[in-house]
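A structural walkthrough
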Amino acid sequence: MKLHTALMSGAFVTAVAADGKANNNSHLRHLKADSKSSKGTKAGKGSSSYSSSYSMSYGPPTPPTPKPTRSTLPPTTPPTPTPSPICCNPADLEELILSNVYNGDIETTFDEDPAKSAMEWLKGDTCSCGKFCTDLQLIQRYILAVLYYSTGGPNWTSCGDAASDATCQVQSAYGNSEGFNWLTCNSECDWGGTDCRNSGVLNVTDVERNGLIGNLPPEIAKLSGLVVLALEQNQLQGPIPSSYGGLDKLAVLDLDFNDLTGSLFDLRNMEKLQQLDLNANSLTGSIEGLGWDLTRLTFIDLSYNKFTGTIAPEIGDLGGLTSLQVQCNEFDPPLQFVKCPSKILAADDVICDNLATFCACTNSTSAAQCDEGP
């Protein structure tokens, strides 16, 4: 399921406005507003005004000084921007990435993949393109290259042919469903599944059902402007890096239907998180004490995992929560929510929708159904 969003006039508008009011719709969905950009009206030419100045002296007025005339030389073509020297200096490039992505700690970072392949690509990319040379562009392009090489980019279903500068189509609810192949000489904001919302800062990485195989790279946590990270229905493995908990602008984390393992990271710094969709993985451990008091959370789906312990009671206190699905785990019974204290829910059988209206919970998932999977 997807968070209710609106794309209006090229700006990313989440369902929860800046004042923090939650969207209480029980069915989360996408909205694409008919965002025809309104053209600003030009001010019409007003009637010429006449002003006179009075002088204490007599005689004819002094004629106005003529305005200088422009040269009649033919217009010149604007100069082509010169790439920053860092673009073609391997040592400077490595230093930039080490300092901003790896905190300057490990000088041997680029000796092994995926960092090695990403850096080799970046060095060649910046020299051949010559137009993506700001620090921000270099860092964003490098991190996306790490994701590409971490998840078998050359073998992706779509948008993975780095040798072709053609457009491609990818399943992407938030990003460019039609964009350019990754690692091509186009802005990283225009690759399939990405988007910068006209800001230059990468806001969206959304590549769904596209044959991504491998581990989630921790480098993604350095995309500090990320609002949507959606890599659902792929074949991603291993843990979700705990550093993702530092993505304090993230509104949507959607990694369902993968093969992810390990425990869930601390959420307390993700104050803008609205949708947490991690169902149909193999995540384990307790979900208590992870900072669930996030006032903007409206949708949580942790179903079909292997979580243990009890459900964090603070989840029941989330006033904006409209959907909670935690069935088919290994939680300890009885399961009781603060929001609906009269409900004692059987383990592995919790599906709650429309929590804003007295927590309508149903025990509808049998053990056999859990074994069958989602």
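Residues numbered from 1 in each chain as written. Predicted model: local features only at pLDDT ≥ 70, side-chain atom pairs only at ≥ 80, totals over all residues. Heavy atoms only, no water.

What to know about the sheet that holds strand 14 (residues 282-286)
Taken in spatial order, the six strands make up an open sheet running 8-10-12-14-16-18, and their pairing is parallel. Of all strands in the sheet, those with a lone pairing partner are strand 8 (213-215) and strand 18 (330-331), marking the two edges. Direction of pairing for strand 16 (residues 306-309) relative to strand 18: parallel, over a ladder of two bridges. The residue of strand 18 that forms the bridge with Thr308 is Glu330. (Pairing = 2+ DSSP bridges. Helix = DSSP H or I, 4+ residues; strand = E, 2+ residues; numbered from the N terminus.)

Topic: the state of the cysteines
Inspection of every chain in the model, using the stated rule, returns three disulfides. Covalent S-S linkage joins Cys159 and Cys168, the inter-sulfur distance amounting to 2.0 Å. Sign of the S-S torsion, about 105° for the bond between Cys159 and Cys168, identifies this disulfide as right-handed. When its relative accessible area of 8% is taken as the criterion, Cys168 is described as buried. The side chain of Cys189 participates in a disulfide bridge whose partner is Cys196; the two sulfur atoms lie 2.0 Å from each other. A torsion of -80° about the S-S bond marks the disulfide between Cys189 and Cys196 as left-handed. (Disulfide = S-S within 2.5 Å. Buried < 20%, exposed > 50% of the residue type's maximum accessible area, 1.4 Å probe, protein only.)

Focus on the pairing of strand 10 (residues 235-238)
In this sheet, strand 10 lies alongside strand 8 in parallel orientation, the contact comprising three bridges. Among the inter-strand pairings, Asn215 is bridged to a residue of strand 10, identified as Gln237. Relative to strand 12 (residues 259-262), strand 10 runs parallel, the two being bridged by two bridges. Bridge pairing in strand 12 places Gln237 opposite Asp259.

A few points about the packing of helix 1 (residues 90-101) against helix 2 (residues 115-129)
Packing of helix 1 against helix 2 leaves a shortest axis separation of 11 Å and a crossing angle of 125°. Judged on the interaxial angle alone, helix 2 and helix 1 are oblique. By crossing handedness, the relation of helix 1 to helix 2 is classed as right-handed. Taken together, the residues of helix 2 that come into contact with helix 1 (itself represented by Pro90, Leu93, Glu94 and Ile97) are Met119, Leu122, Lys123 and Thr126. Grouping the amino acids of the contact of helix 1 with helix 2 by side-chain chemistry returns five nonpolar, one polar and two charged. (Axes fitted to C-alpha atoms, helices over the stretch in contact; angles between N-to-C directions. Parallel < 35°, antiparallel > 145°, perpendicular 65-115°, else oblique. Left-handed = near helix turned anticlockwise from the far one by under 90°. Contact = heavy atoms within 4.5 Å. Nonpolar A, V, L, I, M, F, W, Y, C, P; charged D, E, K, R; others polar.)

Notes on the nonpolar core
Nonpolar side chains in soluble globular proteins generally cluster together in the buried interior. With 73 residues, the main nonpolar core has Tyr142, Trp182, Trp292 and Ile315 as its most contacted residues. Mapped by element, the contributors of at least two residues to this core are helix 1, helix 2 and helix 3 (135-150). Among the elements that make up this core, the one with the highest residue count is helix 3 (nine residues). Beyond its immediate chain neighbours, meaning those up to four positions away, Tyr142 contacts Ile97, Val101, Tyr102, Phe110, Ala115, Ala118, Met119 and Leu122. Among the nonpolar cores identified, the runner-up in size contains seven residues, and Val204, Val228, Ala230 and Ala251 belong to it. (Core = buried A, V, L, I, M, F, W, Y, C linked by side-chain atoms within 4.5 Å.)

Overview of the side chain of Asn181
Its place among the elements puts Asn181 in the loop between strand 5 (178-180) and strand 6 (194-195). In this structure Asn181 comes out as buried when scored by relative accessible area, which is 6%. In terms of polar contacts, Asn181 uses its side chain to reach the backbone carbonyl oxygen of Asp161, at 3.2 Å. From its side chain, Asn181 meets the backbone oxygen of Ser164 in a polar contact 3.0 Å long. Beyond its immediate sequence surroundings of up to four residues, Asn181 is in contact with Cys159, Gly160, Asp161, Ser164, Ala166, Cys168 and Trp191. (Polar contact = N/O pair within 3.5 Å; in protein donor to acceptor, adjacent residues only side chain to side chain.)

Remarks on the packing of aromatic side chains
Taken as a whole and judged by the stated rule, the model has nine aromatic pairs. Ring plane angle 85° and centroid distance 6.1 Å describe the contact between Phe110 and Tyr142, whose orientation is recorded as edge-to-face. In this pair, Phe110 sits in the loop between helix 1 and helix 2 while Tyr142 sits in helix 3, placing the two residues 32 residues apart along the sequence. The exposure class of Tyr142 is buried, given its relative accessible area of 0%. Note on Tyr148 and Tyr149: the rings are 5.1 Å apart at their centroids and 85° apart in plane angle, and the pair reads as edge-to-face. The rings of Trp121, Tyr148, Tyr149, Trp156, Trp182 and Trp191 are connected pair by pair, giving a single aromatic cluster. (Phe/Tyr/Trp six-rings, centres within 6.5 Å; stacked < 30°, edge-to-face > 60°.)

These figures capture arrangement, not role.
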